[in-house]
Amino acid sequence: QVQLVESGGGLVQAGGSLRLSCAASGGSVNSYRMGWFRQAPGKERLFVAAIAWSGASTNYADSVKGRFTISRDNAKNTVYLQMNSLKPEDTAVYYCAAQPRGVWGSWGQGTQVTVSS
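Residues numbered from 1 in each chain as written. Predicted model: local features only at pLDDT ≥ 70, side-chain atom pairs only at ≥ 80, totals over all residues. Heavy atoms only, no water.

Novice: How would you explain the state of the cysteines if you had to name every residue and give the values?
Specialist: Under the counting rule described, the total for this entry stands at one disulfide. Bridging Cys 22 to Cys 96, the disulfide has an S-S length of 2.1 Å. The sign of the -80° torsion about the S-S bond sets the Cys 22-Cys 96 disulfide as left-handed. Of the two residues, Cys 22 is situated in strand E3 (residues 18-25) and Cys 96 in strand E9 (residues 92-99); the sequence distance between them amounts to 74 residues. Assigned by exposure class, Cys 22 and Cys 96 land together as buried. (Disulfide = S-S within 2.5 Å. Helix = DSSP H or I, 4+ residues; strand = E, 2+ residues; numbered from the N terminus. Buried < 20%, exposed > 50% of the residue type's maximum accessible area, 1.4 Å probe, protein only.)

Novice: Provide a residue-level description of the environment of Trp 104, including the pertinent values.
Specialist: Tracing the backbone through its elements, the reader meets Trp 104 in the loop between E9 and strand E10 (106-107). The spacing of Trp 104 and Lys 43 is 61 residues in sequence and 19 Å in space, taken between C-alpha atoms. If sequence neighbours within four positions are ignored, Trp 104 has contacts with Arg 33, Met 34, Gly 35, Phe 37, Ala 50, Ala 97, Ala 98 and Gln 99. (Contact = heavy atoms within 4.5 Å.)

Novice: Kindly report on the nonpolar core, identifying the contributing residues and their values.
Specialist: Judged by nonpolar contacts, the single largest core of 29 residues is most densely connected at Met 34, Trp 36, Leu 81, Met 83 and Tyr 94. Secondary structure elements with two or more residues in this core: E3, strand E4 (33-39), strand E5 (46-51), strand E7 (68-73), strand E8 (78-83), E9 and strand E11 (111-116). (Core = buried A, V, L, I, M, F, W, Y, C linked by side-chain atoms within 4.5 Å.)

Novice: So what's going on with the pattern of salt bridges? Residues and values would help.
Specialist: A complete count under the given rule lists three salt bridges for this structure. In this structure, the salt-bridge partner of Asp 90 is Arg 38, at a minimum N-O distance of 2.9 Å. A residue pair is termed long-range when its members are at least 10 positions apart, and Asp 90 in the loop between E8 and E9 and Arg 38 in strand E4 qualify at 52 residues. Judged by relative accessible area, which is 12%, Arg 38 ranks as buried. (Salt bridge = Lys/Arg side-chain N within 4 Å of Asp/Glu carboxyl O.)

Novice: So, the pairing of E11: which residues are in play, and what are the values?
Specialist: Here E11 shows a buried face lined by Thr 111, Val 113 and Val 115 and an unburied face lined by Gln 112, Thr 114 and Ser 116. Summarising the sheet, strand E2 (residues 10-13) and E11 pair through four bridges and their orientation is parallel. Residue pairing in the sheet places Gln 13 in a bridge with Ser 116 of E11. In this structure, E9 lies alongside E11, joined through three bridges in antiparallel fashion. Note on E11: the bridge partner recorded for Ala 92 is Val 113. (Pairing = 2+ DSSP bridges.)

Novice: So what's going on with the sheet that holds strand E1 (residues 3-7)? Which residues, and what values?
Specialist: The strand order E1-E3-E8-E7 describes an open sheet built from four strands, whose pairing is antiparallel. The open sheet has two edge strands with one neighbour each: E1 and E7. When strand polarity is set aside, the average angle formed by the axes of neighbouring strands in this sheet is 15°. (Axes fitted to C-alpha atoms, helices over the stretch in contact; angles between N-to-C directions.)

If you want it as structure tokens, here you go:
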């Protein structure tokens, strides 16, 4: 049972940057793999990035490799997504998720990211 709250979304121009934050509480949150997903209007929710509990390994969707960086600060129970070189196609609601024992079982409420051309 993990509670997740995303923040940091907003409106930026193409080529700009944003940093999303996910504040986590409850459960053994620092032992969970954490991830970010996004969903554009009328489209399915897609994987963006994930990070192991230790931060030693990360995974990214091909569409964001080289532009986005996921990180975590276990002392603050917070996961971040640094987004650089943003494109209009990055526009979506971004969700934070926790993966206890291999299942994406907890989700935040989402934060809107809009990238204008």
